[in-house]
Amino acid sequence: MVLASTINDLAKTYRSQFSVFEHVTYVNSCSQGALANSVKKSFDDYIETLELKGSAWADWAGYQEKMRSLFATFFKVPASEIAVTTSASAGVNTVASALDFTKGRNKIVTTDNEFPTIGQTWHAQELRGAVVHHIPSNGDLTVDIAALINAIDDQTLLVSITHGCFRNGAVTELEPIIEAAHKKGALVLIDAYQSVGAIPLNLSTLKADFVVGGNLKYLLGVPGVGFLYARSETTSHLIPTSTGWFAARDIFAMDIHSYDPAPDARRFESGTPPIPSLYPSATGLEMMIDIGVENVYAYVCDIHDALRTGIEGVGGKVVTPKKKAHHGAMLAVASLDENAHVAALEAEKVVTSSRDGNIRVSPHFYNNFEDVEKIIAAFAKTKHYLRK
Ligand SMILES: Cc1ncc(COP(=O)(O)O)c(C=O)c1O
């Protein structure tokens, strides 16, 4: 039986553009998005600039600005609030470099659902006077929002939270945390890497102060490009002490006797942009803008639910929270031996990944309900690895 989505079947329209499906059932977008033909062609467009012009700095700098304006369109914010970075880590670190932990507030409140970069970056700031406070996760892997809000006090400089947890797919409701933090005068940084492109995020209404992420997962891009959103109303007083010439007010001033950063979010950038990665990442983001993340979310919710029912039906334990507000695309399935289990699924031509004793199954708009059946069949065939 082939299940059917009740809504617009996005895979029907777009799947033929992703050749990986001629070989495997790809369901690992939480790690790397599938390669679209148009994204593949963009690598050639970059190579062509080298072949035809040798150096093409005007074209390349244009791509950095194109990327910035695509992010602005995607997030519904002004381009002046976007820094184009090389990774989420680069974004968080440049924000950290702008914080002063020695005058007044020095506390960072964060969760136990964070990606290593986030925890490590804030603990590194202990060398500069920061005090880091972790909120343990609930038993169902969600963030204890009441405890987190309770921990935000007059000493809190910044609250750092992940939107979607990379280990288990648990999603945190951001609005109450942002509201509580702002009431106490604290800033909020969101790591949106696991949700961007999978869950709609309207940064003009969210009111987060900083948001970081990158392009290689649900945004269909490649490693080397990320973003830092910095809300001008609340962050324009923060000046990074980690910098580079592409962050200068006038990049071509070539001044080595002073520091004059750009007044907008570009001040959080650094050196030469990751040009070969900008071409394919811009094309991937254009595709996501065309499709619309709201449509992706609605479609993938049905796939997620069908996968959950099917995997539980063959004896699997899905540890990702079930409530719609508490998950995105990813489902984490408890495993007795995650590495062997991923390999066994791959032998069935189903590509997943693992973290923390769980198999991560992460569909996107190019997956269809035939994939769902194949994935469930592969879990049934490898059921000896399922952890109850
Ligand atoms: C939630 C989350 N944050 C951050 C990262 C890593 O970001 P980067 O390597 O761009 O610093 C990942 C990568 O998997 C992630 O899942």
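Q: For this particular structure, what's the right way to read the overall build of the protein?
A: In terms of helices and strands, the protein carries 13 helices and 12 strands. In terms of overall size, the protein behaves like a compact globule, its C-alpha atoms giving a radius of gyration of 21 Å where 388 residues would be expected to give roughly 21 Å. Referenced to the eigenvectors of the C-alpha coordinate spread, the extents of the protein come out at roughly 70 × 60 × 35 Å. Counting across all 388 residues of the protein, residues that qualify as buried make up 47%. Nonlocal contacts in the protein, meaning residues at least 24 apart in sequence, comprise 73% of its contacts between residues at least 6 apart.

Q: Please clarify how the UniProt feature "domain: Aminotransferase class V" (unreviewed entry) in the protein should be interpreted in this entry.
A: The UniProt record annotates "domain: Aminotransferase class V" (unreviewed entry) at residues 65-372. Secondary structure within residues 65-372 divides into 34% helix and 16% strand; the distance between the first and last C-alpha atoms comes to 39 Å.

Q: It is not clear to me how the sheet that holds strand E5 (residues 156-162) should be interpreted in this structure. Could you clarify?
A: In sheet architecture, strand pairing relies on hydrogen bonds along the backbone and comes in two forms, parallel and antiparallel. The strand order across the open sheet formed by 7 strands is E2-E8-E7-E6-E5-E3-E4, and the pairing between neighbours is mixed. The open sheet has two edge strands with one neighbour each: strand E2 (82-85) and strand E4 (131-135). Shown here is a sheet whose adjacent strand axes are inclined to one another by a mean of 20°, direction ignored. Summarising the sheet, E2 and strand E8 (residues 226-230) pair through 4 bridges and their orientation is antiparallel. The residue bridging Thr85 from the neighbouring strand is Gly226, located in E8.

Q: Honestly, helix H11 (residues 293-313) in this entry has me stumped. Any pointers?
A: Owing to its 3.6 residues per turn, the α-helix brings residues three or four apart onto one side. A rise of 1.5 Å per residue sets the reference length of H11, with its 21 residues, at 30 Å; its end C-alpha atoms lie 29 Å apart and thus fit the reference within 8%. Taken residue by residue, H11 has Val293, Val296, Tyr299, Val300, Ile303, His304, Ala306, Leu307 and Ile311 as its buried positions. In this fold, the buried residues of H11 make contact with helix H1 (10-14), helix H10 (275-291), strand E9 (331-334), strand E12 (358-361) and helix H13 (369-381). Gly315 sits one or two residues past H11 and shows a positive phi near 100°.

Q: I'm lost on the environment of Ala170 in this one. Help?
A: Within the secondary structure, Ala170 is located in the loop between E5 and helix H7 (175-183). Taking the C-alpha atoms as reference points, Ala170 and Lys322, 152 residues apart in sequence, are found 9.1 Å from one another. Those residues in contact with Ala170, other than ones at most four positions away along the chain, are Asn113, Leu141, Thr142, Cys165, Thr320, Pro321, His326 and His327.

Q: Help me understand the packing of H11 against H13 in this model?
A: Axes are the key here: two packed helices are described by the angle between their axes and the distance separating the axes. Put simply, H11 and H13 touch, their axes get as near as 9 Å, and they point 25° apart. As far as their axial angle goes, H13 and H11 are roughly parallel. With respect to the hand of their crossing, H11 and H13 are arranged in right-handed fashion. Facing Ile303, Ala306, Leu307, Gly310 and Ile311 of H11, the residues of H13 in contact are Phe369, Val372, Ile375, Ile376 and Phe379.

Q: Just checking my understanding: could you explain the site of the ligand for this structure?
A: All residues adjacent to the ligand are Ser87, Ala88, Ser89, Phe115, Thr117, Thr162, Phe166, Asp191, Tyr193, Gln194, Gly214 and Gly226. Looking at the shell around the ligand residue by residue, the class counts come to 4 nonpolar, 7 polar and 1 charged.

Q: For this particular structure, what's the right way to read the domain arrangement of the protein?
A: In many analyses, interface size is given as the accessible surface area lost on bringing the parts together. Taken domain by domain, the protein holds domain 1 (10-37 + 293-382) and domain 2 (41-289). Domain 1 puts 27 residues into the contact, and the matching count from domain 2 is 26 residues. Those elements that provide at least two residues to the side of domain 1 that touches domain 2 are H11 and E9. A per-element tally of the side of domain 1 that touches domain 2 places H11 first, with 5 residues. The class makeup of the residues in the side of domain 1 that touches domain 2 is 13 nonpolar, 11 polar and 3 charged.

Q: Please clarify how the nonpolar core should be interpreted in this entry.
A: Side chains that are nonpolar tend, in soluble globular proteins, to be buried together. Counting residues in each nonpolar core, the largest one holds 107 residues, and the members touching the most others are Phe210 and Tyr229. With 8 residues, the single largest contributor to this core is H11. A domain split of this core shows at least three residues from each of domain 1 (10-37 + 293-382) and domain 2 (41-289). In this view, Phe210 contacts Val95, Leu187, Leu189, Leu228, Tyr229, Ala230 and Thr235; residues no more than four positions away in its chain are not counted.

Q: Just to check I follow, could you spell out the environment of Ile161 for this structure?
A: Mapped onto the fold, Ile161 is located in strand E5. Overall, Ile161 belongs to the buried group, with 25 C-beta atoms counted inside 10 Å. Put simply, Ile161 and Ile178 are 17 residues apart on the chain and 9.9 Å apart in space, counted from C-alpha to C-alpha.

Q: I would appreciate a short explanation of the sheet that holds E9 in the present structure.
A: Across the sheet, 3 strands lie side by side as E9-E12-E11; this open sheet has antiparallel pairing. For this open sheet the edge positions go to E9 and strand E11 (353-355), each flanked by a neighbour on one side alone. If you compare each strand with its neighbour and ignore which way they point, the axes differ by 35° on average. Sheet analysis places E9 next to E12, joined by 4 bridges and oriented antiparallel. Paired with Ala334 across the strands is Asn358, a residue of E12. Packing of helix H12 (residues 338-347) onto the sheet brings it into contact with E11 and E12, and relative to E11 it is tilted by some 165°.

Cut-offs applied
Residues numbered from 1 in each chain as written. Predicted model: local features only at pLDDT ≥ 70, side-chain atom pairs only at ≥ 80, totals over all residues. Helix = DSSP H or I, 4+ residues; strand = E, 2+ residues; numbered from the N terminus. Rg over C-alpha atoms; globule rule 2.2 N^0.38 Å. Buried ≥ 20, exposed ≤ 12 C-beta atoms within 10 Å, placed from the backbone. Contact = placed C-beta atoms within 7 Å. UniProt positions renumbered as here; feature names shortened; annotations may be inferred. Pairing = 2+ DSSP bridges. Axes fitted to C-alpha atoms, helices over the stretch in contact; angles between N-to-C directions. Expected span 1.5 Å × (residues − 1). Parallel < 35°, antiparallel > 145°, perpendicular 65-115°, else oblique. Left-handed = near helix turned anticlockwise from the far one by under 90°. Near = placed C-beta within 6 Å. Nonpolar A, V, L, I, M, F, W, Y, C, P; charged D, E, K, R; others polar. Domains from an automatic or database assignment. Core = buried A, V, L, I, M, F, W, Y, C linked by C-beta atoms within 7 Å.

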